[in-house]
Amino acid sequence: MLIELKDVSYTYGKDTVYEVNALNHINLGIDEGEFIGIIGHTGSGKSTLIQHLNGLIKPTSGQILFDGSDIWEDGYNLRELRTHVGLVFQYPENQLFETDVITDVMFGPKNKGLSKDQCEERAKEALKQVGIPENFYKVSPFDLSGGQKRRVAMAGVLAMDPQVLILDEPTAGLDPAGRDEILGQIKYLHDKRGITIILVSHSMEDVAVYAKRLLVINDGRIAFDGSPKQVFTHYRELEQMGLAAPQVTYIMHRLHEKGLTVDLTATTVEEARRSILLALSMKKSGGTEEGGGSPWVK
Amino acid sequence: MGIIRASKLGFDYIKYHDDSEDPEKINAIKGVDFDVEKGQFIAVLGHNGSGKSTLAKHINALLVPTRGTMYVDGVNTSEEEELWKVRQKAGMVFQNPDNQIIGTVVEEDVGFGPENLGVETEDIWHRVDDALAKVGMLGFRDRSPNRLSGGQKQRVAIASVVAMHPECIVLDEPTAMLDPNGRREVLECVRELNQKEGITVILITHYMEEVVFADNVIVMDRGQIVMRGTPRAIFSRVDELKHYGLAVPQVTELACELKQSGVDLPDGILTIDELVEALC
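(A) Broad picture of the overall build of chain B. Helix and strand counts for chain B come out as ten helices and ten strands. Here the C-alpha atoms of chain B give a radius of gyration of 20 Å, agreeing with the 19 Å that 2.2 N^0.38 yields for 280 residues. Principal axes of the C-alpha set define a box for chain B whose edges measure 65 × 55 × 40 Å. Per-residue burial over chain B gives 53% buried out of 280 residues. In chain B, the share of contacts with a sequence separation of at least 24, taken over all contacts with a separation of at least 6, comes to 64%. When the 29 positive and 46 negative side-chain charges of chain B are each reduced to one mean point, those points stand 2 Å apart.

Structure, rendered in structure tokens:
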């Protein structure tokens, strides 16, 4: 197991009037190569949780293990941990500060103590991975579009060559094309580079498509932990938590209530399409799958 | 004549480069015509950089046209002495709630606008009460804004505009930074202001689900209006929307794909109810 949280609790402003229990006895294991989505309403504790994963916040009680070692043990190298577990904050473009793109991306590896050539190599590789072409290297990051800035900021984290990449709402404020682009790149990093991904999102449609495992955080606890399909079948409970399921989930349930035998676990448009076509053809052929099969399913 | 009327509106700006002497002229808006009737709910779509925010900023004279004209309730926004009048008539709500709240207490923030308009103190209090009630935030009047949720902050921002007694509210991606709950809160609040108070609403958004309730939709691309019509008409042109870098609501996309697979469905399905009705 790559990251393990054992009975982790965190309290903001402990022993003051503003005391808030942000995390309550969290137990969580994350394996190498996973693609995890995290959802939860604002204030549910999800941001607090992810900041524990690279040691930005020290738990009030409980243990956090990375690769089997307790990260809060005396002498543990937290700086090194943060190069293994990269965290891309919300609106990471606000953290760009250098005079040109390539220097900005080189900042991380430089702090890691690599030579200038190595830093440059890392930076170029990272920029390539996020689809920023060479003619942008010498441009000021402040002259880029919103989506480009965000990709440069992601490259800054990738240049550290992390094993785990945590992204806090990486698509907030982007248009649909920009959203698809960023998510596509994250998927590429997961599939081709084998990076473990933890994606915090408010878009149920996005986590349904990309995440293999979905965590729902509510009141500082893990309310659900399962595949998106499993989790979204609890859509009524999710609503109580201020969340929702993808629109498709609602469509499928409504169709089912109306007597169409569709797959209730479908969460993407493609799954829904197949399931509805199948159900319609079965209905037409008198409720059995024999006789004509399904003329609409290609 | 509509309440917001742009005719041949163009906006250019000059961009200076470090390395070259010659500044570059960029046409952000290229001759846009539109006319919004009082009380309408208009949604504006377009990918990042399509010019929709630039256009929106013309409605309350944060920008004035470099070509053509913009009239708000009969007032030409290019006339500098009319600036206050224009800003009172058309209020604006931005994406980031933290960037537009200036008061240390909610009621103070809402009172800031009318105070600047020179409204009598007594009347300011009435307006603050009234505006907070309309967005459902009256119970939070003596709270500190920084302890509110994102959706609550946006509703305070909307109340601050409402307290100016505007004819029209322009919202530039007001829900982009909110969770689903906050998004719902803000949208319900905006719809209510439109329906009950008759305030004209211009909503810029990337969330297609929010567009469904609009009277009319405008799609922008490269500084021009490329599509306009009712949500139903716009959303039945799925391929065209995709061409402009936009998506449609999942239910519309699903309906479109089912139709392409040979299922007999009407065009431009917008809601779950419509799809369920058509299929069962």
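There is more to say, and it comes next.
(B) Representation of the side chain of Lys-52 of chain B. All names here are of chain B. Within the fold, Lys-52 resides in helix 1 (residues 52-59). Buried Lys-52, no salt bridge; nearest opposite-charge side chain is Glu-173, N-O distance 4.1 Å. Within the structure, Lys-52 has its side chain in polar contact with the backbone oxygen of Gly-46 (distance 3.1 Å). Setting aside its immediate chain neighbours within four residues, Lys-52 contacts Val-44, Leu-45, Gly-46, His-47, Glu-173, Ile-204, His-206 and Met-220.

(C) How the structure looks around unusual backbone geometry. Even without being a glycine, Asp-219 of chain A presents a positive backbone phi close to 55 degrees. Here Asp-219 of chain A is to be found in the loop between strand 9 (213-218) and strand 10 (221-226). Classification of Asp-219 of chain A by relative accessible area gives exposed; the value is 54%. Phi angles above zero are rare outside glycine, and Asp-73 of chain B is one such case at about 50 degrees. For Asp-73 of chain B, the location among the structural elements is in the loop between strand 4 (67-72) and strand 5 (75-76). According to the relative accessible area criterion, Asp-73 of chain B is partly exposed, its value standing at 34%.

(D) Main features of the sheet that holds strand 4 (residues 61-66) of chain A. Residues and elements named next belong to chain A. Taking strand neighbours across the sheet as the criterion, the four strands line up as 2-1-4-5 in an open arrangement whose pairing is antiparallel. The open sheet terminates on both sides in strands that have one partner only, identified here as strand 2 (20-30) and strand 5 (69-70). In terms of strand pairing, strand 4 meets strand 5 through two bridges, oriented antiparallel. Looking at strand 5, one finds that Leu-65 is bridged to Asp-70. Of the strands in this sheet, strand 1 (3-12), strand 2 and strand 4 are in contact with helix 1 (residues 46-53), which crosses strand 1 at around 125 degrees.

(E) Local environment of the nonpolar core. Counting residues in each nonpolar core, the largest one holds 74 residues, and the members touching the most others are Leu-127, Leu-165, Ile-186, Phe-232 and Ile-276 of chain A together with Leu-275 and Leu-279 of chain B. When residues of this core are sorted by domain, at least three fall in each of domain 1 (3-242) and domain 2 (249-284) of chain A. Non-local contacts of Phe-232 of chain A, meaning those with residues more than four positions away in its chain, are made with Ile-39, Met-204, Val-207, Ala-208, Leu-214, Leu-238, Ala-244, Ala-245, Pro-246, Thr-249 and Thr-267 of chain A. With 49 residues, the next largest nonpolar core counts Val-93, Ala-159, Leu-203 and Leu-270 of chain B among its residues.

(F) Structural context of helix 10 (residues 272-279) of chain B. Every buried residue of helix 10 of chain B is accounted for by Ile-272, Leu-275, Val-276 and Leu-279 of chain B. The arc that holds every buried residue of helix 10 of chain B, seen down its axis, measures 95 degrees, which confines them to one face. Elements that come into contact with the buried residues of helix 10 of chain B comprise helix 10 (247-257) and helix 11 (269-284) of chain A together with helix 9 (250-260) of chain B.

(G) Spotlight on helix 9 of chain B. Along helix 9 of chain B, the residues that are buried comprise Gln-250, Val-251, Thr-252, Leu-254, Ala-255, Cys-256 and Leu-258 of chain B. Downstream of helix 9 of chain B by a residue or two, Gly-262 of chain B has a phi angle that is positive, lying close to 105 degrees.

Quick notes on the rules
Residues numbered from 1 in each chain as written. Chains lettered and ligands numbered in written order. Predicted model: local features only at pLDDT ≥ 70, side-chain atom pairs only at ≥ 80, totals over all residues. Heavy atoms only, no water. Helix = DSSP H or I, 4+ residues; strand = E, 2+ residues; numbered from the N terminus. Rg over C-alpha atoms; globule rule 2.2 N^0.38 Å. Buried < 20%, exposed > 50% of the residue type's maximum accessible area, 1.4 Å probe, protein only. Contact = heavy atoms within 4.5 Å. Lys, Arg positive; Asp, Glu negative; His and termini not counted. Charge placed at Lys NZ, Arg CZ, Asp CG, Glu CD. Salt bridge = Lys/Arg side-chain N within 4 Å of Asp/Glu carboxyl O. Polar contact = N/O pair within 3.5 Å; in protein donor to acceptor, adjacent residues only side chain to side chain. Pairing = 2+ DSSP bridges. Axes fitted to C-alpha atoms, helices over the stretch in contact; angles between N-to-C directions. Core = buried A, V, L, I, M, F, W, Y, C linked by side-chain atoms within 4.5 Å. Domains from an automatic or database assignment. Arc of directions from axis to C-beta.

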